[in-house]
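# Inside the fold
Next come the chains, spelled out residue by residue.
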Number of protein chains: 2
Amino acid sequence: MNMNQIELLRVLYENGFNLSKAADRMHVVQSAVSRQLQLFEEELGSPLLTRHGKKLTGLTPLGQKVLAQTQTMQQAKKNILSIASEYKNGDTGILHIATTHTQAKYFLPKPIRRFRDKYPKVKVYIVQSSPEHLIDFLHNGEADLAICTEKVSEDGTLVVKPCYEWHHAVVMPKQHPLASGELTLERLASCPVLTYSFGFTGRSNIEKAFENSGLTLDVVLAAADTDVIKTYVRLGLGVGLIAEMAYDAVADADLVVRNLSSLIPSSVTKIAYLRQNYLPAYGRHFIEELLEAAEDINFQ
Amino acid sequence: MNMNQIELLRVLYENGFNLSKAADRMHVVQSAVSRQLQLFEEELGSPLLTRHGKKLTGLTPLGQKVLAQTQTMQQAKKNILSIASEYKNGDTGILHIATTHTQAKYFLPKPIRRFRDKYPKVKVYIVQSSPEHLIDFLHNGEADLAICTEKVSEDGTLVVKPCYEWHHAVVMPKQHPLASGELTLERLASCPVLTYSFGFTGRSNIEKAFENSGLTLDVVLAAADTDVIKTYVRLGLGVGLIAEMAYDAVADADLVVRNLSSLIPSSVTKIAYLRQNYLPAYGRHFIEELLEAAEDINFQ
DNA sequence: GGATTTTACGCATTTCGTAAGTATT
DNA sequence: AATACTTACGAAATGCGTAAAATCC
């Protein structure tokens, strides 16, 4: 068993069990990986992959379990290189942050700015995606940290730190009827509503609030992106249910914002990373920056 | 970076950073490991080991961190071989159980007997030691499971399952004054006491009970082993504070036993194993046997 | 027939072992 | 003086690439 065989299994998995593509990915010829796979299976005494004739079709039950182990091995290898690089190069490196549009635009700017002042030689790459994919990015090594509000299941492989608590707010044009009078779920339910797509930015908490009241929300437009929602609110399509921090007092001065903290359960944005993923010192400091920025919000 | 270099670091650590011994352990000549170490350090760009001249003296900070990673890599490698072996050989293998004398003698016999009936081809090796070393056995791969009452700190690397709850009891010769009348901590404190050594079989709970009452226990003999304690109780050295399940109604019929459940906090014996250690099916079934045997005790 | 995997064989690289040299205690 | 580590060099083993054959769709 050697590193290349370990890597091969993962690369095969990521490339539809296509030996030729896996060979390309690993910068060797097909015959080489074919041979290595044979040797690996021979050593283990059982096939790792299912075949139709010669063609590889998937993992055997054994292969699935072995794949899981190879992933921790490769993570450890990656960690070793990362640790060594940290010692050699000091405060240089890349931090891959998986997050959503809302966090990237309304929460991260300040902590990232402060982080960059302290660690000018560390590059910060924001990997933006839908919440359900953020954790995947952690697992497949495309991100070091995930910052998200929903879908963070604690399965023991993740370290999850609560970051800050926030509420939703409703935004609407100034002349809208909801702009005055008491705000109730009933009145909200009577309006066309624009809000986040399923799985985005606390959408599930919005659902929950209305379900508990036996009301149905009339969502006429769902978007992943607060700016899209605000754009259509301005066009008069309805009121926007957005994260409170996504309202900008200056840029959104033409809109009325009303807090929904008493109507919709608060959401908690969390920081997550793989327990087995080594975070260099600058990564840990970045988390500290996030938590400091979060305190400003939690105690405001 | 290859597997041998990874293994080398751990073997060096386990052999006092002695290259020659490490070479023996790995069944290669010294010059080979010397060269491999150089190559590894060269690849990482910094030394892993501190040196006085040519002699290796210890790990650098980098080496310490890398060692931690190499250990997870080797664990994963071990898991792969174990998984493959499980597929090839079915219900055969070895289960290494780290535990103390008390558990081995008074709790394990029944579940092990039942387990052996179901898995006759699995060998059960009991690695007996002091509680403080049991967890070490897990970490250095000498045991798959640990069964112990004390010193199980949950640091995230362990899976800890509570197994059964039990109390201490006091045993004494039949004519002893404590054999009749109300049992109190005061009366116990007035007797010479024989009990477990520090760190053994709930000894800390005994301490706690007396400390809370402001009483001092007069321990005239401490042993790791219930049978030793009972032997000296029979010689009249004092009363024995032992685990309730260590009293055998038949063999110990010459002794009086009195329950201390109202005086000394109950202890919980736990099952622990490394989260990252792959347990074959028979290992998981063994845990089930333990938990079943535990239920008989908990609900008796 | 195009794509994919396997097999065969020679070449290149890596790793090891022997042996000698250098440093440490 | 004995033990421990490094260096040098030839030998063995390992892994790769080219090319051709076999198989799949």
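Residues numbered from 1 in each chain as written. Chains lettered and ligands numbered in written order. Predicted model: local features only at pLDDT ≥ 70, side-chain atom pairs only at ≥ 80, totals over all residues. Heavy atoms only, no water.

### Details of the packing of aromatic side chains
Applying the stated criterion across every chain, the model contains eight aromatic pairs over all chains. Note on F107 of chain B and Y164 of chain B: the rings are 4.4 Å apart at their centroids and 40 degrees apart in plane angle, and the pair reads as tilted. Here the residue F107 of chain B occupies a position in the loop between α5 (101–106) and α6 (109–118), and Y164 of chain B occupies one in strand β6 (residues 158–166), the gap between them amounting to 57 residues. Given a relative accessible area of 4%, F107 of chain B falls into the buried group. You can call Y164 of chain B buried: its relative accessible area is 1%. These aromatic residues form a ring-pair network of at least three members: F115, Y119 and F286 of chain A. (Phe/Tyr/Trp six-rings, centres within 6.5 Å; stacked < 30°, edge-to-face > 60°. Helix = DSSP H or I, 4+ residues; strand = E, 2+ residues; numbered from the N terminus. Buried < 20%, exposed > 50% of the residue type's maximum accessible area, 1.4 Å probe, protein only.)

### Let's talk about the protein's contact with DNA strand C
Surveying the vicinity of DNA strand C reveals 20 residues, the closest of which are S20 and S34 of chain A together with N2, V29 and S31 of chain B. For DNA strand C, the backbone portion of the atoms within 4 Å of the protein, that is sugar and phosphate, comes to 78%. The separation between a phosphate oxygen of DNA strand C and a polar main-chain atom of L19 of chain A is 3.0 Å. The contact in question runs from a phosphate oxygen of DNA strand C to an N or O atom on the side chain of N4 of chain B, over 3.5 Å. Those elements that provide at least two residues to the surface near DNA strand C are α2 (19–25) and α3 (30–44) of chain A together with α3 (30–44) of chain B. For the surface near DNA strand C, a count of residues per class yields five nonpolar, 12 polar and three charged. (Near = heavy atom within 4 Å. Polar contact = N/O pair within 3.5 Å; in protein donor to acceptor, adjacent residues only side chain to side chain. Nonpolar A, V, L, I, M, F, W, Y, C, P; charged D, E, K, R; others polar.)

### Structural notes on the relation of the copies chain B and chain A
Rotating chain B by 180 degrees and moving it 0.0 Å along the rotation axis overlays it on chain A with an RMSD of 0.1 Å. Seen this way, the second copy is the image of the first under a two-fold rotation axis. Distance from the rotation axis, computed per C-alpha, reaches its smallest value in chain B at M73 of chain B: 2.4 Å. Same-surface contact between copies: 100% of interface residues of chain B are shared with the interface of chain A. (Least-squares fit on C-alpha atoms with pLDDT ≥ 70 in both. Contact = heavy atoms within 4.5 Å.)

### Structural notes on the interface of chain B and chain A
Contact residues are listed per partner, giving 26 residues for chain B and 26 residues for chain A. Buried surface at the junction of chain B and chain A, both sides included, amounts to about 2500 Å², of which 74% is carbon and sulfur. Inspection of the chain B/chain A interface yields zero salt bridges. Joining chain B to chain A, the criterion identifies four residue pairs in polar contact (both at pLDDT 80 or more). Of all the secondary structure elements, the ones that give two or more residues to the side of chain B that touches chain A are α1 (3–14), α3 and α4 (61–89) of chain B. For the side of chain B that touches chain A, the element with the highest residue contribution is α4 of chain B, accounting for 17 residues. (Buried area = accessible area lost by both parts, 1.4 Å probe. Salt bridge = Lys/Arg side-chain N within 4 Å of Asp/Glu carboxyl O.)

### Side note on the domain arrangement of chain A
All names here are of chain A. Along its sequence, chain A is organised into domain 1 (3–86), domain 2 (90–165 + 268–299) and domain 3 (168–265). Computed from C-alpha atoms alone, the centre-to-centre distance between domain 1 and domain 2 is 30 Å. Of the roughly 800 Å² buried where domain 1 meets domain 2, counting both sides, 37% is carbon and sulfur surface. The interface formed by domain 1 and domain 2 includes zero salt bridges. Linking domain 1 with domain 2 are seven residue pairs in polar contact (both at pLDDT 80 or more), by the criterion used here. Its residues assigned to classes, the side of domain 1 that touches domain 2 comprises one nonpolar, five polar and two charged. (Domains from an automatic or database assignment.)

### Details of the packing of helix α6 (residues 109–118) of chain A against helix α11 (residues 281–298) of chain A
All names here are of chain A. Taken N-terminus to C-terminus, the directions of α6 and α11 make an angle of 140 degrees; their axes are 9 Å apart at the nearest point. Classified by the angle their axes make, α6 and α11 are oblique. Seen from above, α6 lies across α11 with right-handed handedness. From α6, K110, P111, I112, R114, F115 and K118 reach across to α11, where they touch Y282, F286, E289, L290, E292, A293 and D296. (Axes fitted to C-alpha atoms, helices over the stretch in contact; angles between N-to-C directions. Parallel < 35°, antiparallel > 145°, perpendicular 65-115°, else oblique. Left-handed = near helix turned anticlockwise from the far one by under 90°.)

### Remarks on the pairing of strand β8 (residues 192–196) of chain B
In summary, the side chains of a regular strand alternate between the two faces of the sheet. Residues and elements named next belong to chain B. In terms of burial, β8 is a largely internal element, four of the five residues being buried. Inspection of the sheet shows β8 paired to strand β9 (residues 218–223) by five bridges, in the parallel sense. Pairing of L194 across the sheet is with L221, part of β9. Of the pairings in the sheet, the one linking β8 to strand β10 (residues 239–243) comprises two bridges and is parallel in character. Residue pairing across strands places L194 opposite G240, the latter belonging to β10. (Pairing = 2+ DSSP bridges.)

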